[in-house]
Amino acid sequence: MKKYTLKSIGKNTDYMTIVREMNDGFVVKIVRDMDGYEDIKTDYISKELFESCIRTGYLTEIKEPVAVNA
């Protein structure tokens, strides 16, 4: 599952996780920091809207750190 940060006002750390991909969009879980507690919603976003959010910078993919075994 890919995670994305949402462009927010202030110091909020809101993010979105893709739960399931469908033909025409995605089922996503959105987590918003609301003054110390998390507001969690599951919603649908079309592929067109998702791609527009990526292009405009509203969504930014969170790169998972790669574990290195020595």
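Here is a short report on the structure shown in this document. (Residues numbered from 1 in each chain as written. Predicted model: local features only at pLDDT ≥ 70, side-chain atom pairs only at ≥ 80, totals over all residues. Heavy atoms only, no water.)

**Digging into the overall build of the chain**
Counting secondary structure elements, the chain contains one helix and five strands. Tracing the chain from N to C terminus, the helices and strands come up as β-β-β-β-α-β. Counting only residues that meet the buried cut, the chain has 23% of its 70 residues in that class. Partitioning the contacts of the chain with sequence separation of at least 6, the portion at a separation of at least 24 is 29%. Of the roughly 5600 Å² that the chain leaves accessible, carbon and sulfur atoms contribute 53%. (Helix = DSSP H or I, 4+ residues; strand = E, 2+ residues; numbered from the N terminus. Buried < 20%, exposed > 50% of the residue type's maximum accessible area, 1.4 Å probe, protein only. Contact = heavy atoms within 4.5 Å. Areas by Shrake-Rupley, 256 points an atom, 1.4 Å probe, with all protein chains shown as cover.)

**Side note on the sheet that holds strand 2 (residues 15-21)**
A sheet is described by the order of its strands in space; here five strands give the open sequence 4-3-2-1-5, paired in antiparallel fashion. Each of the sheet's edge strands pairs with one partner strand only, and the pair in question is strand 4 (37-46) and strand 5 (59-61). Looking at each pair of strands side by side, their axes are set apart by 30° on average, direction ignored. Where strand 2 meets strand 3 (residues 25-34), six bridges bridge the pair, whose relative direction is antiparallel. From the neighbouring strand, Glu-21 faces strand 3, where its bridge partner is Phe-26. Across the face of the sheet, helix 1 (residues 47-56) comes into contact with strand 1 (3-6), strand 2, strand 3, strand 4 and strand 5 while running at roughly 120° to strand 4. (Pairing = 2+ DSSP bridges. Axes fitted to C-alpha atoms, helices over the stretch in contact; angles between N-to-C directions.)

**A look at the pattern of salt bridges**
Counted by the stated rule, this structure contains four salt bridges. As a salt-bridge pair, Arg-32 and Asp-14 come within 3.1 Å of each other at their nearest N and O atoms. Placement of Arg-32 in strand 3 and of Asp-14 in the loop between strand 1 and strand 2 is noted, with a sequence separation of 18 residues between them. A salt bridge links Glu-21 to Lys-47; its shortest N-O distance comes to 3.2 Å. Taken together, the residues span a long stretch of sequence, with Glu-21 in strand 2 and Lys-47 in helix 1 at a distance of 26 residues. Classification of Glu-21 by relative accessible area gives exposed; the value is 54%. (Salt bridge = Lys/Arg side-chain N within 4 Å of Asp/Glu carboxyl O.)

**So, the nonpolar core**
Residues Tyr-4, Leu-6, Met-16, Ile-18, Phe-26, Val-28, Ile-30, Ile-45, Phe-50, Cys-53 and Leu-59 constitute the largest nonpolar core, which totals 11 residues. For this core, the secondary structure elements donating two or more residues are strand 1, strand 2, strand 3 and helix 1. Of all the elements, strand 3 adds the most residues to this core, at three residues. Dropping the residues within four chain positions of it, Ile-30 is found in contact with Leu-6, Tyr-15, Met-16, Asp-39, Ile-40 and Lys-41. (Core = buried A, V, L, I, M, F, W, Y, C linked by side-chain atoms within 4.5 Å.)

By themselves, these figures tell us nothing about what the structure is for.
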